[in-house]
Amino acid sequence: MRALLLATTLLLPGTAMTPSVPTIAARLEPLRLGQLQVWKLQDGRLSLAASLLKGLDAAEARRLLGDRDAADTPVNAYLVRMPGHTVLVDTGTGKDPEEDSGHLTEQLAAAGVAPSDVDLILITHEHFDHIGGLLKADGTRAFPRAVLRVARREHAFWTEDPSRLPERLRDRAPKLKALFEVYGKAGAFRPFEDGEELALGLRALPAHGHTGGHTVYAFTSGGHELWCIGDLIHFGAVQFQRPEVGVAFDLDGDRAVKVRQDLFREAVHRKVVLAGAHLPQIVRIAPKGAGYEAVPVR
Ligand SMILES: [Zn+2]
């Protein structure tokens, strides 16, 4: 199943793999926010070409990328330990012979967590680099005790009416259905409605635009707030300063820009810690000029 999915990945012209994920330290230490413990788990990496940026001229894009034509970006999942739950947000690309990916399990081990310890998996959206680690090579669940949750709107976007999708993505519907059904057959797939509180101190925030039901997950504890923002931003070196700049991956570009601007504004106001699937660091943001500057927390 996974091989099938990966064979039809969304790698647009302009994406390519770059060398090797950095070697893992013996033990990954968490970021602590109230009662939350947060680990950034790097499953793989992608090189994203500057030409993927929308609404920015090529020279300015190159300047913001430090005189380079591409940005090296990680593919991250996040592990969040909270009272009562061990949560995994997204699952990376999974093992692919052609990519440096599939490091999630070893990263989890470095955080001291076994796949069977994870009891809740939250998917920000159903792109290949977020769902690729859900199954083992033999097609069974990689996280046998976890309930898998995704916005009903997101799952429906991909699976219920493929004619609404760009042509190149239409063949994904049956594959995604089959993938989620592996959890469904075990009674472990539970789509949720927009805005639903998923656990005490854990809410799903609709952030549609990148995909039809892209979701941000908001964790709160002791006055701290952490948002796992998925693909709300791809190019950290560009889109904090210029949040109005989109990327070719955004299926509804205008909406993706508006959602990014709205959520960044709110994140400043509430001093939210942001954890992105393609950001090298966990950050807070502060206004700077017409945009924002990202201040690493970790
Ligand atoms: Zn992504």
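Please read all numbers here as calculations on a predicted model, not as lab measurements. Residue numbers here run from 1 along each chain, matching the order of that chain's written sequence. Per-residue local features of the predicted model are confined to residues with pLDDT of at least 70, and side-chain atom pairs are confined, for both listing and counting, to 80 or more; whole-chain, interface and lining totals are unaffected and use all residues. Hydrogens are left out, water is left out, and the side-chain values use all remaining heavy atoms of the structure.

**Examining the overall build of the protein**
Part 1 of the argument: For the protein, the count of helices and strands is 8 helices and 16 strands.
Part 2 of the argument: Taking 298 residues into account, the globule formula puts the C-alpha radius of gyration at 19 Å, and the protein, at 18 Å, falls close to it.
Part 3 of the argument: Each principal axis of the C-alpha atoms in the protein carries an extent, and together these give about 50 × 45 × 40 Å.
Part 4 of the argument: We call a residue buried when its accessible area falls under 20% of the maximum for its residue type, exposed when it is over 50%, and partly exposed in between, using a 1.4 Å probe and counting protein chains only. Split into buried and exposed, the 298 residues of the protein put 55% on the buried side.
Part 5 of the argument: A contact between two residues is defined here by any heavy atoms of the two lying within 4.5 Å. Partitioning the intrachain contacts of the protein with sequence separation of at least 6 by distance along the chain shows that 70% fall at a separation of at least 24.
Part 6 of the argument: Surface summary for the protein: the accessible area is close to 12,400 Å², and the carbon and sulfur share equals 51%. Helix numbers and strand numbers start at the N terminus; a helix is a DSSP run of H or I with at least 4 residues, a strand a run of E with at least 2. When we talk radius of gyration, it's over C-alpha atoms, and the globule rule is simply 2.2 Å times the number of residues to the 0.38. Only the protein chains shown count as cover for residues, with accessible areas throughout obtained via the Shrake-Rupley method and a probe of 1.4 Å.

**A closer look at the pairing of strand β3 (residues 36–49)**
Part 1 of the argument: Counting buried positions along β3 gives 12 out of 14 residues, so the element sits mostly inside the fold.
Part 2 of the argument: A strand pair is defined by DSSP finding two or more bridges across the two strands. When strand β2 (residues 31–33) meets β3, the two strands line up antiparallel, connected through 3 bridges. By the bridge assignment for β3, R32 is matched with Q37.
Part 3 of the argument: Taking the residues that link successive antiparallel strands as the turn, the β2-β3 hairpin has 2 residues, and the phi of G34 there is positive, at about 60°.
Part 4 of the argument: Summarising the sheet, β3 and strand β5 (residues 70–82) pair through 12 bridges and their orientation is antiparallel. Note that in β5 the partner of L46 across the bridge is T73.

**Overview of the packing of helix α5 (residues 152–159) against helix α6 (residues 172–185)**
Part 1 of the argument: Put simply, α5 and α6 touch, their axes get as near as 8 Å, and they point 135° apart. Classified by the angle between their axes, α5 and α6 sit oblique to one another. Across from H155, W158 and T159 in α5, the residues of α6 making contact are R172, A173, L176, K177 and F180.
Part 2 of the argument: Residue classes follow a fixed rule: Ala, Val, Leu, Ile, Met, Phe, Trp, Tyr, Cys and Pro count as nonpolar, while Asp, Glu, Lys and Arg count as charged, and any other residue, Gly among them, counts as polar. Partitioned by chemical class, the residues of the contact of α5 with α6 number 4 nonpolar, 2 polar and 2 charged. To obtain each axis, a line is fitted to C-alpha atoms, and for helices this fit is confined to the stretch in contact; angles are then taken between N-to-C directions over 0 to 180 degrees. Here roughly perpendicular refers to angles of 65 to 115 degrees, roughly parallel to angles under 35, roughly antiparallel to angles over 145, and oblique to all remaining angles.

**Brief notes about the coordination of the zinc ion**
Part 1 of the argument: Coordination of the zinc ion by the protein involves D129 (OD), H130 (NE2), D231 (OD) and H278 (NE2), with metal-donor separations of 2.1 to 2.3 Å.
Part 2 of the argument: In this structure, the zinc ion is coordinated by 4 donor atoms arranged in irregular fashion, with angles at the metal of 82 to 161°.
Part 3 of the argument: Only nitrogen, oxygen and sulfur atoms within 2.8 Å of the metal, or 3.2 Å for Na, K and Ca, are treated as donors, and water is left out, so sites may look incomplete. One chain supplies every donor to the zinc ion, and in sequence these donors are spaced D-H-x100-D-x46-H. Highlighted residues: H130 in helix α4 (residues 128–131) and D231 in the loop between β12 (224–230) and α7 (236–239), separated in sequence by 101 residues.
Part 4 of the argument: A relative accessible area of 4% places D231 in the buried class. Under this scheme a four-donor centre is tetrahedral when all angles range from 85 to 135 degrees, a four-donor centre is square planar and a six-donor centre octahedral when opposite donors are above 155 degrees with the rest from 65 to 115, and any other centre is irregular.

**Some details on the nonpolar core**
Grouped burial of nonpolar side chains is what soluble globular proteins tend to show.
Part 1 of the argument: Buried Ala, Val, Leu, Ile, Met, Phe, Trp, Tyr and Cys residues form a nonpolar core when they are joined through side-chain atoms within 4.5 Å. Of all hydrophobic cores here, the largest spans 32 residues; its most connected members are I121, L134, F143, F180 and Y183.
Part 2 of the argument: For this core, the secondary-structure elements that each account for two or more residues are β3, β5, α3 (104–110), α5 and α6.
Part 3 of the argument: Ranked by the residues each element gives to this core, the list is headed by α6, at 4 residues.
Part 4 of the argument: Among residues more than four places away in sequence, those in contact with Y183 are I121, L134, L135, R141, A142, F143, A146, L148, A188 and F189.

**Focus on the confidence of the model for the protein**
Low pLDDT marks stretches whose predicted atomic positions should not be read closely.
Part 1 of the argument: Each residue gets a pLDDT score, which is the predictor's confidence in that residue and runs from 0 to 100. On average, residues of the protein score 91 in pLDDT, and 92% of them are at 70 or above.
Part 2 of the argument: Taken together, the stretch residues 1–13 has pLDDT below 50 and engages in 41 contacts with residues farther than four places along the chain or on a different chain.

**Points about the packing of aromatic side chains**
Part 1 of the argument: Between 30 and 60 degrees the pair is tilted, below 30 it is stacked and above 60 it is edge-to-face, where a pair is any two Phe, Tyr or Trp rings, Trp via its six-membered ring, whose centres lie within 6.5 Å. Counting across every chain of the model gives 5 aromatic pairs.
Part 2 of the argument: Consider the rings of F264 and Y292, whose centres lie 5.5 Å apart with planes at 80°: the pair is edge-to-face. With a gap of 28 residues between them, F264 in helix α8 (residues 253–269) and Y292 in strand β16 (residues 291–296) connect regions that are remote in the sequence. Assigned by exposure class, F264 and Y292 land together as buried.

**Some words on the pattern of salt bridges**
Part 1 of the argument: When a carboxyl oxygen of Asp or Glu is within 4 Å of a side-chain nitrogen of Lys or Arg, the pair counts as a salt bridge. Throughout the structure, instances matching the rule amount to 14 salt bridges.
Part 2 of the argument: Of the charged contacts, one joins D69 and R62 as a salt bridge, the two residues approaching to 2.8 Å between their closest N and O atoms.
Part 3 of the argument: Classification of R62 as partly exposed rests on a relative accessible area of 32%.
Part 4 of the argument: The partner of R149 in a salt bridge is E196, and the shortest N-O contact between them spans 3.5 Å.

**Comments concerning the pairing of strand β15 (residues 283–288)**
Within a regular strand, the side chains alternate between the two sheet faces.
Part 1 of the argument: As paired elements, β15 and β16 share 6 bridges and run antiparallel to each other. Residue pairing for β16: K288 is matched across the bridge by G291.

**Let's talk about the side chain of Q42**
Part 1 of the argument: As for its placement among the helices and strands, Q42 is situated in strand β3.
Part 2 of the argument: Throughout this description, a polar contact denotes any pair of N or O atoms lying within 3.5 Å of each other; where both atoms belong to protein, one of them has to be capable of donating a hydrogen while the other can accept it, and for residues adjacent in sequence the pair is counted only when both atoms sit in side chains. One polar contact links the side chain of Q42 to the main-chain carbonyl oxygen of G44, over a distance of 2.9 Å.

**Topic: the environment of K177**
Part 1 of the argument: Within the fold, K177 resides in helix α6.
Part 2 of the argument: When the C-alpha atoms of K177 and A156 are compared, they prove to be 9.6 Å apart, with 21 residues separating the residues in sequence.

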